[in-house]
Amino acid sequence: MSGLKVIQPGIFSLPQDSGRFGQHAVGLTTGGPLDSNAFRWANRLCGNALEATAIEVTIGGLVLESTTTTQIALTGADIPLTINKKPAALWHSHAINPGDRIELGFATAGSRGYFAVAGGFQFEPIFNSASTVPREALGGLTQDGTALQTGQLLPCETVKDHRDSQAVPKHLVPDYGNNSALLRVVLGYQQEAFSNLQKQVFFTSQYAVTESSDRMGYRLKGSKITPSIEGILSEGICLGAIQVPADGQPIVLLNDRQTIGGYPKLGSVLSLDIGKLAQLMPGGTVRFEAISVEQAHNLLALDHHQFLNTALESRLKTIAKSTKP
Amino acid sequence: MSSPQQTISIAGENSLIVYFGDKPDAAIASQVAQTAQQLRESLSQVLIDLIPSYASLLVIYNPLQTDHNAVRQSIRRALSNLTYDENNESNKAQTQGSLVSLPVYYSTESGPDLQTLADGAGLTTEQVIAIHQQTEYRVYAIGFAPGFAYLGEVDPRIAAPRLATPRQKVPRGAVAIADRQTAVYPAQSPGGWNLIGLCPQRMFDPNANPTMPVQVGDRVRFEAIDKQTFLELGGQL
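Just so we're clear, the structure is a prediction, and the values are computed from it rather than from any experiment.

Things to note about the domain arrangement of chain B
Residues and elements named next belong to chain B. We note that the domain assignment places domain 1 (7–94) and domain 2 (97–232) within chain B. Spacing between the C-alpha centres of domain 1 and domain 2 amounts to 28 Å. Residue-level contacts link nine residues of domain 1 with seven residues of domain 2. The element best represented in the side of domain 1 that touches domain 2 is helix α1 (residues 26–42), accounting for five residues.

Looking at the pairing of strand β3 (residues 54–58) of chain A
Residues and elements named next belong to chain A. Where burial is concerned, most of β3 is hidden: five out of the five residues are buried. Neither face of β3 is open: one carries A54, E56 and T58, the other I55 and V57, and all of them are buried. Across five bridges, strand β2 (residues 12–16) lies against β3 in antiparallel orientation. By the bridge assignment for β3, P15 is matched with I55. Sheet topology note: the β3/strand β10 (residues 109–117) ladder contains four bridges and is antiparallel. Paired with T58 across the bridge in β10 is R112.

Some thoughts on the domain arrangement of chain A
Residues and elements named next belong to chain A. Taken as a whole, chain A is organised into domain 1 (3–168) and domain 2 (180–307). For domain 1 and domain 2, the distance between their C-alpha centroids amounts to 28 Å. Each partner contributes to the interface: domain 1 provides 19 residues, whereas domain 2 provides 13 residues. Elements supplying a minimum of two residues to the side of domain 1 that touches domain 2: α1 (36–45) and β10. When residues in the side of domain 1 that touches domain 2 are grouped by element, the largest group, four residues, is from α1. Classifying every residue of the side of domain 1 that touches domain 2 by side-chain character gives four nonpolar, eleven polar and four charged.

Focus on the sheet that holds strand β17 (residues 241–243) of chain A
Residues and elements named next belong to chain A. Overall, mixed pairing links the seven strands, which are arranged β13-β20-β17-β18-β15-β14-β21 in a closed barrel. Between one strand axis and the next, the sheet turns through 40° on average, direction left out of account. Summarising the sheet, strand β14 (residues 207–209) and strand β21 (residues 285–291) pair through two bridges and their orientation is antiparallel. Residue pairing for β21: A208 is matched across the bridge by T285. Of the strands in this sheet, β13 (180–187), β15 (217–221), β18 (251–253), β20 (265–269) and β21 are in contact with helix α3 (residues 271–278), which crosses β13 at around 145°.

Remarks on the environment of Q149 of chain A
Take Q149 of chain A: it is sitting in the loop between β10 and β11 (153–155). Those residues in contact with Q149 of chain A that lie beyond four places of it in its chain are V6 and P9 of chain A.

A look at the confidence of the model for chain B
Per-residue pLDDT for chain B has a mean of 92; in total, 93% of the residues score no lower than 70. Predicted complex, confidence summary: ipTM 0.94, pTM 0.91.

Describing the interface of chain B and chain A
With 37 residues of chain B in contact, the opposing surface of chain A contributes 34 residues. The set of elements that each furnish at least two residues to the side of chain B that touches chain A consists of β1 (7–12), β2 (15–19), β3 (47–52), β4 (56–61) and β6 (137–142) of chain B. Of the residues belonging to the side of chain B that touches chain A, the class tally is 24 nonpolar, ten polar and three charged.

Cut-offs used in this document
Counting restarts for each chain, with residues numbered from 1 along the sequence as it is written. Lettering of chains starts at A and numbering of ligands starts at 1, both following the order in which they are written. This being a predicted model, a pLDDT of at least 70 is required before a residue's local features are given, and a value of 80 or more before pairs of side-chain atoms are given or counted; all residues contribute to the totals for chains, interfaces and linings. Annotation comment: domain bounds sourced from an automatic or database domain assignment. For every residue pair, C-beta atoms are placed from the backbone, and the pair is scored as a contact if these atoms sit within 7 Å. The helix and strand labels rest on DSSP assignments: H or I over at least four residues marks a helix, E over at least two residues marks a strand, and numbering proceeds from the N terminus. Between the buried cut of 20 or more and the exposed cut of 12 or fewer other C-beta atoms within 10 Å of a residue's own C-beta lies the partly exposed class, and all C-beta atoms are placed from the backbone. At least two DSSP bridges between two strands are needed for those strands to be called paired. Amino acids outside the nonpolar list (Ala, Val, Leu, Ile, Met, Phe, Trp, Tyr, Cys, Pro) and the charged list (Asp, Glu, Lys, Arg) are all regarded as polar, and Gly is one of them. Each axis is a line fitted through C-alpha atoms, taken for helices only over the stretch in contact, and angles between the N-to-C directions span 0 to 180 degrees. For every residue, the predictor states its confidence as a pLDDT score lying anywhere from 0 to 100.

This is the structure we're talking about:
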């Protein structure tokens, strides 16, 4: 099979499709891309199904060499991209020929890049998904939850003709530059265990992203908030749930979260804002804003229709000529 | 029979959580399992996933296809259909889940905390083994790790707190007690529960169908087997 060969795996590069769903009953989490907006655009640029498997590149350092004719796109964090040492635009599809060397540098803003290939990477799914969850030892190329390794061949289809390159309209490319985010929150779960004063503290304070943040959850540091209860019977946790352990420092639970847990929760961050949080580097700051569940549904529907109704911009065919003799 | 202590709360933009009570028991475990089963059918197209737990059920739906009011209505309908009557024979199969028997090789060789637990409880290891087998447990929740089933409730005589220092490696199949819960470790992992034996049956096998021998709401009994049988069933020491 043809594909892209891993010359350097980078700091932490994980194959992800849209996620592993319907398996919570056996204790499996969902995995999937932390920044689902950047992920869907990467697939769209390659003409893929929006669930197709791409690589989530944390910080960068991934170097690939193609054995085939294909098309690629990199979205998400500002990670310098070169094809055969020539700079190539992000949020843009690029033609790739056999022997081409694709190099990702290191993020200058944001922290998660999404690297897609035409047709999606062809990995054998496990529990109906290729999403890689290291903690569960599931998914990815070898189905055992390991990140990309040097020497692996990431299988993908060969395309017959390069399509014209396409780009995401400029006004839709997020700015990850100021390392801060406003996160919208639907109040819920044990919100009644947080007094009005505690909620006011939460919604008027700025919290910083700590070093102990990963795909499971982002631990924040800032004004302490104290619920009136310490623990609850373990219960199901949804994406974005804001859990407050005894130290009063909130944790926003992300894609690789534990499926059940016993800490009080204030509500959940809107999915559209999860990517903004996950792009922050340690030291980045967040504020929270409460919205109703009806507002959340409206925002989700609006986002969905905007995405579907936005046309990519066509660019002249870019042919990455090999610089090698 | 729907009881007034059931409440439905918002959990997030695409999730509602149903609370069935504030402590786990067999009746609640059965209600959680029944409601999950009904919603799997009635919400089919708009349902993303369900997380049954001790006394709650998280219902995750697709907010582009429905809204929380419609999902609430489906949940209320499911709750009003609940039945739980220990004495009604026709309801038993439906409300009590499957009964699953799990073989265990109990010994100080396969259960490094068996002696300590017995000493702490003022019992012999034989008594601990007998008491552990006497209870018919309920699967209250599955989580922590893929296939990790929380079973309750352990007889208070053999309940024991978690180890002060968790082990780096607990072997797959380890049968363990923590407070009034017991479980079989589905895979080798770190863990702080008291190990009293080994079960040769896989609790989580990605290649098997079903993946797990139990689901939330099922009943579990442990049955002692000797070392020879344990090895014959594929157990490893």
